Amino acid sequence: MVNTEIPKDYTASPSSLSGTPHLTINRDVAVDLDSSNAFEGPEKLLEVWFSASSNSLPAASAPAGLKAVPSEVWKDMLELVNCKVLSVVESKYVDAYLLSESSMFVFPHKLILKTCGTTTLLCGLPRILEIAALVAGFPHMLANQIVGTGTAAIPYRVFYSRKNFLFPDRQLGPHRSWRDEVKSLDRLFLGGSAYMIGKMNGEHWYLYLTEPNTILTPPATPERRETETRLMDLPMSSSTIKMGEPYDDDQDETLEILMTDLEPENAKKFYLDHASAVAEGQYYQEAHKARIDAEKQVGDISSFGANPMRALKKGYLKTIDENADVFSNTSSDPGDLMSDDSDLEYPEELTTEGHALGTVVSEACGLADVYPTSKYPDARVDAYLFTPCGFSANGVIPAPNGPEATHYFTVHVTPEPNCSYASFETNVPSKQTGRETASVIEQVVNIFKPGRFSVTLFEGKTFDDEIDSTANETGNETANKIKAWEKQVARKGSRLDQIRGYRRVDRIVHDLEGYELVFKYYERLDWEGGAPRLGEVGF
């Protein structure tokens, strides 16, 4: 078994700094994990909130909320979902679980679970409610035994969403159709709302959400009428807007970019063979540079005092044999640097360990630059490269010099040409980055060069100061809130329309009870791949 821990003196690693997120690798699962049978890239995404923010946990709950739940308990729950934990990045405000099929993030007040392939995500939801009640201490009630649990915590709010599947006929359990998924959620929650956003015969996105202060379905509830899925293919008019309550969660904002038909040259970066070659090239370059630097220092005899043959510890070359002729080998061939007993021996982990190569890919493809350590010095990226291809990464991003909060991003890539797909999701607020959302989208899209992609942007409802001033002038507060909201959405929406190299095909904007939702679909200007591969049409 190889050691994949990052050395404490490796200064390029954020983990070498004290007080930063800590990584734990589950080597029993990570070794020899193979993605040969992976096929369904589009993920199922579940968010379960048990309070409006981490600062408003119920008095009866554990002080750390969901973060008080041991990782072994979560691992058992994930068995119901049919996925395993590869590694965990623990931090003060969020624990990031990298899974064999995507990711899970545990905050004190909410859990985010995102899984791809044929995972059965909703099968784990009753157990999540039970864990929140029995282990984390959130207020609870007797639940419906039909759904597999006797005790369930009362969630504050629940969100479930996904893109249309490429291979819906291969899904299992409640995920065989959107209608089945809605039925499964309705068995747990009263008053849920279901939506299909986008064109039924084009790229679209499904969403189920509950109202704030969600009500669980009582144990003796008879068969109820199925929640109707509303089709959202046009912008909602102001007359149909339902103004929801604002959220306490600081700058609550989630951006999701779902990309298909990746450019083949860009997709190659996420294959094992390509990443191994990149890692080998980087290693040789660093080793060769280390030797050159050491030889330069050895050349300045006066800098070594009484022991001139001991070079300063620098790079990979730490000690020079006193009897060695350090100038005898001047070849530029990096292979000449290798020997059986040298510190420069090729590390086995670069070809056998998914985490090591995942880090190489993250840096080489540009993902590490989306939230760079120059701006986020305590950030930590946990990445994994599958065999023979496929990639997953979680990023834990503590807020720099700001409020005590930690955000995340997560990336998942299925590079095979017959089903190529990549997703990027983050809740790092745009106000924190100092960048326009369109700029982040462009940077991510340029990594993959998809033929087409869709964007969903959820933002907790906020209003400019113009609301109060206008309301005071006219006395019509509700009408002016709607007008102010429309102005803000128009400003944000117009900026997202311009993504270089792409044309916007679809644009839908909605107000969803406490959130503003923007959905946009784009195609590359030179794209000649024909109509999108839908796989799933309708409900």
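Here the structure is a predicted model, which means the values were calculated and not measured.

Give me the overall build of the protein: which residues, what numbers.
Secondary structure summary: the protein contains twelve helices and 22 strands in total. The burial tally for the protein puts 54% of its 539 residues in the buried class. For the protein, restricting intrachain contacts to residue pairs at least 6 apart in sequence, the fraction spanning at least 24 positions comes to 73%.

Got a sec to walk through the packing of aromatic side chains? Specific residues and values, please.
Throughout the structure, instances matching the rule amount to 17 aromatic pairs. With 5.4 Å between their ring centres and 20° between their planes, Phe270 and Phe448 make a pair best called stacked. Taken together, the residues Phe270 in the loop between α5 (264-267) and α6 (272-299) and Phe448 in helix α10 (residues 437-448) connect sequence positions 178 residues apart. Of the two residues examined, Phe270 and Phe448, each falls in the buried class. Measuring from ring centre to ring centre gives 4.6 Å for Phe453 and Tyr522, while their planes differ by 15°; the resulting arrangement is stacked.

Describe the side chain of Ser87, listing the residues and the values that go with them.
Inspection of the secondary structure puts Ser87 in strand β3 (residues 85-90). Within the structure, the side chain of Ser87 is placed 2.9 Å from the side chain of His355, a separation counted as a polar contact.

Please set out the sheet that holds strand β16 (residues 380-385) residue by residue, giving values where relevant.
Taken in spatial order, the eight strands of this open sheet run β16-β17-β18-β19-β15-β20-β22-β21, and their pairing is antiparallel. The outermost strands of the open sheet, each flanked by one partner alone, are β16 and β21 (502-511). Neighbour-to-neighbour, the strand axes of the sheet open up by a mean angle of 10°, direction not taken into account. Of the pairings in the sheet, the one linking β16 to strand β17 (residues 391-398) comprises six bridges and is antiparallel in character.

Could you give an account of the environment of Leu45, naming the residues involved and the relevant values?
Here Leu45 is to be found in strand β2 (residues 44-49). Assessed through its relative accessible area of 7%, Leu45 is described here as buried. Linking Leu45 and Lys114, residues 69 residues apart in sequence, is a C-alpha distance of 4.5 Å. Discounting residues that sit within four places of it in the chain, Leu45 has contacts with Ile112, Leu113, Lys114, Leu121, Phe159, Tyr160, Ser161, Glu256 and Glu425.

Which residues make up the pattern of salt bridges, and what values go with them?
Taken as a whole and judged by the stated rule, the model has 17 salt bridges. Notably, a salt bridge pairs Lys84 with Glu79, separated by 2.9 Å at the nearest N-O pair. When its relative accessible area of 38% is taken as the criterion, Lys84 is described as partly exposed. Classification of Glu79 as partly exposed rests on a relative accessible area of 43%. The closest approach of N and O atoms between Arg500 and Glu442, which form a salt bridge, is 2.7 Å. Separated by 58 residues along the polypeptide, Arg500 in the loop between α12 (477-496) and β21 and Glu442 in helix α10 bring together distant segments of the chain. On the basis of relative accessibility, which here comes to 68%, the residue Arg500 falls in the exposed class.

For empty space enclosed by the protein, give the residues involved together with the corresponding values.
Applying the stated criterion across every chain, the model contains three cavities of 30 Å³ or more. Contributing to the lining of the largest cavity are 17 residues, with Leu45, Glu47, Phe159, Thr254 and Phe458 lying nearest its centre. Where the lining of the largest cavity is concerned, the elements lending two or more residues are β2, β9 (157-163), β12 (204-209), β15 (253-262) and β20 (450-460). It is β2 that provides the largest number of residues to the lining of the largest cavity, a total of four residues. Residues belonging to the lining of the largest cavity are distributed by class as follows: nine nonpolar, three polar and five charged. Of the voids in this model, the second largest cavity is the one considered here, and its volume is about 80 Å³. Taken together, 13 residues line the second largest cavity, and the ones lying closest to its centre are Glu253, Leu255, Val428, Ser430 and Thr437. For the lining of the second largest cavity, the secondary-structure elements that each account for two or more residues are β15, α9 (430-433) and α10. The element contributing the most residues to the lining of the second largest cavity is β15, with three residues.

Explain the pairing of strand β11 (residues 193-198) to me, and be specific about the residues and the numbers.
Residues in a regular strand project their side chains so that they alternate between the two faces of the sheet. Burial within β11 is extensive, with six of its six residues counted as buried. Two elements, β11 and β12, share six bridges in a ladder whose sense is antiparallel. What sits directly across from Met196, in β12, is Tyr206. In sequence, β11 turns back onto β12 through a hairpin of five residues.

Run through the nonpolar core, naming residues and quoting values.
Membership of the largest hydrophobic core comes to 45 residues, with the highest contact counts inside it found for Ile257, Met259, Phe391, Phe424, Phe448 and Phe453. A total of seven residues in this core trace back to one element, the largest contributor, which is α10. Once you skip the residues sitting within four places of it in the chain, Ile257 turns out to touch Ala422, Ser423, Phe424, Ile441, Val444, Val445, Phe453, Ser454 and Val455. Within the second largest apolar cluster, 44 residues are counted, among which are Ile128, Ala136, Val182 and Leu188.

Calculation notes
Residues numbered from 1 in each chain as written. Predicted model: local features only at pLDDT ≥ 70, side-chain atom pairs only at ≥ 80, totals over all residues. Heavy atoms only, no water. Helix = DSSP H or I, 4+ residues; strand = E, 2+ residues; numbered from the N terminus. Buried < 20%, exposed > 50% of the residue type's maximum accessible area, 1.4 Å probe, protein only. Contact = heavy atoms within 4.5 Å. Phe/Tyr/Trp six-rings, centres within 6.5 Å; stacked < 30°, edge-to-face > 60°. Polar contact = N/O pair within 3.5 Å; in protein donor to acceptor, adjacent residues only side chain to side chain. Pairing = 2+ DSSP bridges. Axes fitted to C-alpha atoms, helices over the stretch in contact; angles between N-to-C directions. Salt bridge = Lys/Arg side-chain N within 4 Å of Asp/Glu carboxyl O. 1 Å grid on protein atoms, 1.4 Å probe; cavity = no way out; pocket = protein on both sides within 12 Å on 5 of 7 lines; lining within 4 Å. Points joined across faces, edges and corners; volume = space filled by probe spheres on them. Nonpolar A, V, L, I, M, F, W, Y, C, P; charged D, E, K, R; others polar. Core = buried A, V, L, I, M, F, W, Y, C linked by side-chain atoms within 4.5 Å.

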